[in-house]
Structure formats: structure tokens, C-alpha cells
Amino acid sequence: MKHSTKQIVLSSRPKGIPVLGNFEIKNIELPELKDNEILLETMFLSVDPYMRGRMNDAKSYAPPYEIGKPIMGGVIAKVIKSNAAKFKENEIVTGNLPWQQYSITTEAGLLKIDTSLAPPSYFLGILGMPGLTAYFGFLHIGKPKVGDTVVVSGAAGAVGMVVGQIAKLKGCRLVGIVGTDEKANILKEEFGFDEVINYKTTANIKKSIAEVCPNGVDIYFDNVGGEISDAVVSNINFHARIVLCGQIALYNNIDIPMGPRLQPMLLTRSVLMQGFIISNYQTQFSEGYNQLS
Ligand SMILES: NC(=O)c1ccc[n+]([C@@H]2O[C@H](COP(=O)([O-])OP(=O)(O)OC[C@H]3O[C@@H](n4cnc5c(N)ncnc54)[C@H](OP(=O)(O)O)[C@@H]3O)[C@@H](O)[C@H]2O)c1
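Residues numbered from 1 in each chain as written. Predicted model: local features only at pLDDT ≥ 70, side-chain atom pairs only at ≥ 80, totals over all residues. Heavy atoms only, no water.

(A) Geometry of the site of the ligand. If you check the shell around the ligand, you find 22 residues, and the closest are Gly179, Lys183, Tyr199, Tyr251 and Ile278. At a separation of 2.7 Å, an oxygen atom of the ligand approaches a polar backbone atom of Gly179. Contact distances for the ligand include 2.6 Å between an oxygen atom and a side-chain N or O atom of Lys183. Summarising the interface, the protein chains cover 80% of the accessible area of the ligand, which totals 920 Å² for the free molecule. Elements with a contribution of two residues or more to the shell around the ligand: helix H2 (129-142) and helix H3 (158-169). Looking at the shell around the ligand residue by residue, the class counts come to 15 nonpolar, six polar and one charged. (Near = heavy atom within 4 Å. Polar contact = N/O pair within 3.5 Å; in protein donor to acceptor, adjacent residues only side chain to side chain. Areas by Shrake-Rupley, 256 points an atom, 1.4 Å probe, with all protein chains shown as cover. Helix = DSSP H or I, 4+ residues; strand = E, 2+ residues; numbered from the N terminus. Nonpolar A, V, L, I, M, F, W, Y, C, P; charged D, E, K, R; others polar.)

(B) Here's a closer look at the packing of H2 against helix H8 (residues 285-292). Two elements in contact, H2 and H8, have axes whose closest approach is 10 Å; the angle formed by their N-to-C orientations is 100 degrees. The angle between H2 and H8 falls in the class roughly perpendicular. Residue-level contacts link Gly131, Leu132, Tyr135, Phe136 and His140 of H2 to Phe285, Glu287, Gly288, Tyr289, Gln291 and Leu292 of H8. For the contact of H2 with H8, the residue count by class is six nonpolar, four polar and one charged. (Axes fitted to C-alpha atoms, helices over the stretch in contact; angles between N-to-C directions. Parallel < 35°, antiparallel > 145°, perpendicular 65-115°, else oblique. Contact = heavy atoms within 4.5 Å.)

(C) Geometry of the packing of aromatic side chains. Going through the model one piece at a time under the given rule, you end up with five aromatic pairs. Taking the centre distance of 6.2 Å and the plane angle of 70 degrees together, the rings of Phe276 and Tyr281 count as edge-to-face. For the pair shown, Phe276 and Tyr281 are each scored as buried. In textbook terms, an aromatic cluster arises when at least three aromatic residues are bridged by ring pairs, as seen for Tyr135, Phe136, Phe276, Tyr281 and Phe285. (Phe/Tyr/Trp six-rings, centres within 6.5 Å; stacked < 30°, edge-to-face > 60°. Buried < 20%, exposed > 50% of the residue type's maximum accessible area, 1.4 Å probe, protein only.)

(D) Molecular detail of the domain arrangement of the protein chain. Splitting the protein chain by domain gives domain 1 (4-119) and domain 2 (129-282 + 286-292). Measuring from the centre of the C-alpha atoms in domain 1 to the corresponding centre in domain 2 gives 30 Å. Listed per partner, the contact involves ten residues of domain 1 and eight residues of domain 2. Of the roughly 680 Å² buried at the junction of domain 1 and domain 2 (both faces included), carbon and sulfur atoms supply 69%. If you look at where domain 1 meets domain 2, you find zero salt bridges. (Domains from an automatic or database assignment. Buried area = accessible area lost by both parts, 1.4 Å probe. Salt bridge = Lys/Arg side-chain N within 4 Å of Asp/Glu carboxyl O.)

(E) Summary view of the pattern of salt bridges. Counted by the stated rule, this structure contains four salt bridges. Notably, a salt bridge pairs Glu91 with Lys112, separated by 3.7 Å at the nearest N-O pair. Linking Glu91 in the loop between strand S4 (72-82) and strand S5 (92-98) with Lys112 in strand S7 (residues 111-112), this pair joins segments that are 21 residues apart in sequence. By relative accessible area, which is 19% here, Glu91 ends up buried. Overall, Lys112 belongs to the partly exposed group, its relative accessible area being 45%. As a salt-bridge pair, Asp148 and Arg241 come within 2.9 Å of each other at their nearest N and O atoms. Highlighted residues: Asp148 in the loop between H2 and strand S8 (149-153) and Arg241 in strand S12 (residues 236-244), separated in sequence by 93 residues. Residues Asp148 and Arg241 agree in their burial class; the two are buried.

(F) Structural detail: the side chain of Asn235. Among the secondary structure elements, Asn235 is positioned in the loop between helix H6 (226-233) and S12. A polar contact is formed between the side chain of Asn235 and the backbone oxygen of Lys206, at a distance of 3.3 Å. With sequence-adjacent residues up to four places away left out, Asn235 is seen in contact with Lys206, Ile209, Ala210, Gly216, Val217 and Arg269.

(G) Highlighting H6. Among the residues of H6, those classed as buried are Ile228, Ser229, Ala231, Val232 and Val233. Each element contacted by the buried residues of H6 is listed here: S8, strand S9 (173-178), helix H5 (205-212), strand S11 (217-222), S12 and helix H7 (263-268).

Now the structure itself:
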């Protein structure tokens, strides 16, 4: 039986902040299922910051989305029909799949998920790419020690929330930076953050960080970049570690912004600043997954 499906395609490349007109909903007919193919029904799809970069026509670690083709990303789906040996009807899977109600794929890159462990959507969050990003970035680059002061920007996001929870388990003093009071209250009351700064309402972010980090910052997990990161770095300690995870404050910029030169501070305080892409740790994913689950 043939299936028709809705799909969301990129119809033009955004300039600055994406607008509705950059996307289009199309109806297409899927072909008959061939040998070794699987028909999937989408249950959840993940909207991740890195996708903004893929909307540009620029070389990066992931290829640009093509105009007129569906957006691809992390998806949780149910197997409707399978002509592939590894997957059976009704199993729940995850993979890098198109934004479509129904899609046809092969076994390559598709993973079964264990729904007895957690609800399916968790495999796009703490048990998926964001959780693994927090785990490897914080532990392998941040190298936390008991009593370290940790600052996390984008602290209420999918990655930041997991970094915070690992930091507390490691006995660190934890400071988050977020953009609403509601997020700040949740992080303090439910997630054990010691202090949270709302960067949108504070008059002087550099001073606010100095006030809540009287002993300086030992680990900065940087999800956002821009002026927030400049302010954290001015409070950085000797031998601190800066985990360069994301720069979301800059993703919609058309021009490259100017900022203070941070290198003298990093040099004189012997700071390690290291970027990473989660796929660097692919061979160790099972370790991260076991620890997070
Ligand atoms: N290196 C890797 O392999 C890797 C993997 C996954 C993610 N990342 C990066 O990690 C970061 C967080 O990802 P995520 O999945 O946690 O994202 P998310 O759940 O979408 O959360 C992102 C949060 O960033 C904050 N934000 C947005 N624009 C901002 C701005 N201009 N200034 C300050 N904060 C801003 C927003 O929170 P507020 O309302 O609090 O401002 C937003 O909720 C992103 O930069 C992403 O690209 C990197």
C-alpha cells in the first residue's frame, strides 16, 4: 500500500532570524516499500540549534540542507512495515530522518530504543544527543573536581540542564545563566542550581557573575558565546577549563561581531579552552548512554 505524507521543506535560506516563509509544507506520495526498506511513522522530532547552521549554504561539519528538500534531524518513529531483517513492526526507533509524517529508510543509522527505560521522547534529550553532549563535554573537557565553581550558559536548555545535574553529582558549586525568571526558579527549586542569573534583566552581567562566584569560575560550559561568555571569562580562575559547546547567540548573525580580545586573560591565567563536536566521542557513546540511563 502506498502512503502519502506531509513534509516540511526548506524553501529558501534564512538571512538572520528564520521566518515562516523560509519553510513550506508539501504533500508527497511515498513509493512502494522495496527489499531492505522500512516504513516509519514519526512520533517526535527534535528542533536543535545546530540546524540553523545547516540552513546556510556554508561548509561545516554537517552538510547544508538542500532547498526544496525536507529538513533532516533527530526523530523518534514507530515501525509501520519492515522489509529489513533488523526491525519489526511496532518497534520504536531513532535516527537522522526527514521532517515527515511517514518516511522510508534503510537500516543504516537506525537504532532501536528501549522504551522500558524511559518515555520515547527522552531519547532526543537526556538519553540522546544533548545528554551525550553534556556528559562528554563536561566530564572529558571540564574535568570537574569537588568544590569547583561551574558556570553553565543556556542552562535551562537540553544540554545545559544535564550539565547542571552532572555538576551537582560531582560536588560542584553550580551557577546557571538563563533568559527568564521562570527558568531561573525551576533550575534553583527543582534542579539544585546554587545560583541562577537572568541575563536579560541583570544590569551588569560581569558584576552579577562576580557576586555569585566570589572564588572565581573553575569550569565554564559555554552554550551561547557572545557577551555572556565575555563576562564569564573576565571572572575566570587560574587553570580553569572552558568547554566550548555552542555559540547560539551568534547563529543568526549576518556579520561577524567584534568583542574583547580574550586571549591575554586565557594566557595569563593558564586557562584551557577546548571546542568539541559530539560525534568526536562516537566510539564511547555506549559508556555515556549507560551512565545517563
Ligand atoms: N558541540 C556539540 O556537539 C553540540 C551538541 C549539541 C548542542 N550543542 C550546542 O549547545 C548549545 C545548547 O544546545 P541545546 O540543545 O541545549 O539547545 P536548546 O535546548 O534549544 O536551548 C538553547 C537555549 O539557549 C538560550 N539562548 C538562545 N539564544 C540565546 C542568546 N542569544 N543568548 C543567550 N542564550 C540564548 C535559550 O535559553 P534562554 O531563554 O535561557 O535564553 C535557549 O532555550 C547550542 O549552542 C548548541 O548548538 C553543541
